[in-house]
Amino acid sequence: NNGCTRFNCAAAKSARRPGLRAREHRSALLCRRCKRRRYVLLSVSSSSVHGEYGKKVGRSSIFLDRQSEKDLHTFKVSSREARGSYSSKRMPIAATGVNSLFSCGQVVSARHFSSGADLPPHEAVGMPSLSPTMTEGNIARWVKKEGDKVSPGEVLCEVETDKATVEMECMEEGYLAKIVCGDGTKEIKVGEIIAITVEEEGDIEKFKDYKASSSAAAPAESKPQSEPVEPKEEKKEVSKAPEPTATKTEESSQSGDRLFSSPVARKLAEDNNVPLSSLKGTGPDGRILKADIEDYLSSAAKGSKKEAAAAPGLGYVDLPNTQIRKVTANRLLQSKQTIPHYYLTVDSRVDKLIKLRSELNPMQDASGGKKISINDLVIKAAALALRKVPACNSSWMNDFIRQYHNVNINVAVQTEHGLFVPVVRDADKKGLATIADEVKQLASRAKDNSLKPEDYEGGTFTVSNLGGPFGIKQFCAIVNPPQSAILAIGSAEKRVIPGAAEGQYEIGSFMSATLSCDHRVIDGAMGAEWLKAFKGYLEDPTTMLL
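Per chain, the residues get numbers from 1 upward, laid out in the order the sequence is written. In view of the model being predicted, local features appear only for residues whose pLDDT reaches at least 70, and side-chain atom pairs are presented and counted only at 80 or more, with totals across whole chains, interfaces and linings using the full set of residues. The basis for the side-chain values is all heavy atoms of the structure; hydrogens and waters are excluded.

The name recorded for the protein chain in an unreviewed UniProt entry is Acetyltransferase component of pyruvate dehydrogenase complex, from Aegilops tauschii subsp. strangulata. UniProt positions are given in the numbering used here, feature names are shortened, and annotations may be inferred rather than shown by experiment. Under Sequence similarities (unreviewed entry), UniProt gives the following word-for-word description of the protein chain: "Belongs to the 2-oxoacid dehydrogenase family." As stated in UniProt under Function (unreviewed entry), the record for the protein chain gives "The pyruvate dehydrogenase complex catalyzes the overall conversion of pyruvate to acetyl-CoA and CO(2)."

1. Examining the sheet that holds strand β11 (residues 165-169)
Within a sheet, each strand pairs with its neighbour through backbone hydrogen bonds, oriented either parallel or antiparallel. With antiparallel pairing, the 4 strands of this open sheet are ordered in space as β11-β10-β8-β13. Strands with a single pairing partner mark the edges of an open sheet, and in this sheet they are β11 and β13 (188-189). When strand β8 (residues 136-142) meets strand β10 (residues 155-160), the two strands line up antiparallel, connected through 4 bridges. Within β10, the position partnered with Asn138 by the bridge is Glu160. Pairing between strands is defined by DSSP: at least two bridges between the two strands are required. The helix count covers DSSP runs of H or I at least four residues long, the strand count covers runs of E at least two residues long, and both are numbered beginning at the N terminus.

2. Concerning the side chain of Thr514
Examined against the element boundaries, Thr514 turns out to sit in strand β26 (residues 505-518). A 3.5 Å cut-off defines polar contacts: any pair of N or O atoms within that distance qualifies, except that in protein one atom must be a possible hydrogen donor and the other a possible acceptor, and neighbouring residues in sequence count only when both atoms are side-chain atoms. Reaching out from Thr514, the side chain makes a polar contact with the side chain of Gln474 at a distance of 2.8 Å. If we ignore the near neighbours within four places in the chain, the residues touching Thr514 are Tyr343, Leu344, Thr345, Gln474, Phe475, Cys476, Ile486, Leu487 and Ala488. In what follows, residue pairs with any heavy atoms lying within 4.5 Å of each other are defined as contacts.

3. Points about the pattern of salt bridges
One side-chain nitrogen of Lys or Arg within 4 Å of one carboxyl oxygen of Asp or Glu is enough to make a salt bridge. Considering all chains together, one arrives at 20 salt bridges under this definition. The salt bridge involving Glu294 is made with Lys290; its shortest N-O contact spans 3.9 Å. Of the two residues, Glu294 and Lys290 both sit in helix α6 (residues 290-309), 4 residues apart, roughly one turn of that helix. Overall, Glu294 belongs to the partly exposed group, its relative accessible area being 38%. A salt bridge links Asp376 to Lys440, with the nearest nitrogen and oxygen atoms 3.7 Å apart. Of this pair, Asp376 sits in helix α9 (residues 374-388) while Lys440 sits in helix α10 (residues 432-447), placing them 64 residues apart in sequence. Burial here depends on accessible area, computed with a 1.4 Å probe over protein chains only, as a share of the maximum for the residue type. Under 20% is buried, over 50% is exposed, and the range in between is partly exposed.

4. Digging into the UniProt feature "domain: Peripheral subunit-binding (PSBD)" (unreviewed entry) in the protein chain
Taken from the UniProt record, the annotation "domain: Peripheral subunit-binding (PSBD)" (unreviewed entry) applies to residues 260-297. Secondary structure within residues 260-297 divides into 45% helix and 5% strand; the distance between the first and last C-alpha atoms comes to 19 Å.

5. Some points on the confidence of the model for the protein chain
Note: pLDDT gives the predictor's confidence per residue, expressed from 0 to 100. Taken as a whole, the protein chain shows an average pLDDT of 74; of its residues, 68% reach a score of 70 or greater. Within the model, the stretch residues 1-117 combines pLDDT values under 50 with 232 contacts to residues more than four positions away or in other chains.

The following block contains the structure:
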């Protein structure tokens, strides 16, 4: 494609093409750099094309290069993603049959038009990115089987993300010709092909022995791989140019011997502390390649597993980690290593809180509502305290501190699948009955492993309660980044305290609450001010109604 990334859109000609469906147009784009004319078929579904063929594109299909007369791939963006903020000022079009991508946006699937008679037109369904932090996912189970007819909105499969198990829906009508990644397949990179669909039922049999190629199976890795591929393209197009790989070769000497390594291999070695001198390259002239580093790392991992299994006399079972546990482990490790924690603990007398709950629950029973728990009252008190001390409702953003206007409380829920933190949005503006109903619904979906991304994203503060269910007196929780504080609630216990008159004693119920803070955002006095406000709401709960 001569490296062209911009086109003279002012010179583009759009003409209605006979026989096309409504809202399909054929456009000719003239490249400024190479002066070649490209033909593009644009069809819009559920959203319209704006600007320079990149903003809010519902579906874009690149069919034919005028000069090379070669078929090109088609990429489709789902209607759900088309409604998002995928905007681009350019749309590169390749002059050969290689994948073309929008400069911004997530490609959901690609339609491949075979140049020969080997495979009919088909759609490669890739592993979607179902959460902002998702880089890979697992196939929990396929709802549709090979040969089944699929329609828009129907569930294809259940994908286990880093947060929950999410249903993946079909975007177009057709037939499921081939399942590339079956039930239980783990660690599938985002964008990697998981299935093939076709439009005609008669084409299903032709994909019986289909296997995804390495280039098509990992489009997410196309960007980092472009660095070593780029010199080959330059060499092909400009035959008189000197060998470009020579400029990309790292040279060093040790004991009089020259050591060659590609930049990708050198970067991978640096990231994993692999000494290049200990490796023998398999490339030309002994050049160390990326594959050599990966082989070294895999062999080292296998060696460590053998050493771990070599301990005699120990009976054990290895339990595979789920995606949610892996992500939880990484995030908690990152939190403890990068966030300067400090902890503040206060004991609150909760006799009035318990009495208020006993008065409200009969009303809830009469109206058919959910019973209000102590944790629901704690969530409401925490939300109001954040509204009173908004500096604690913030995040550290390196160059600035972001203070949120919404008070969204994450509630820690422990399940057999791992730890989930669904969110109650605008908890400061909701009544106790609404909070109680939402928390129970979210907890039920968390235990069923059916939370959706909108159920756990966007929290600004977290509450973790180990008191009521487990009787833990007091504990210190780990801050959930990018939040700056988390509240740990212990169990309520009865204590003997001095009475009003001398020599008199009374029994009161006290509950321990520990606030874990990010010292970069919340200073000690600020955290103490928040705890003071929180304690005030617990000890005099009627003020929460004001």
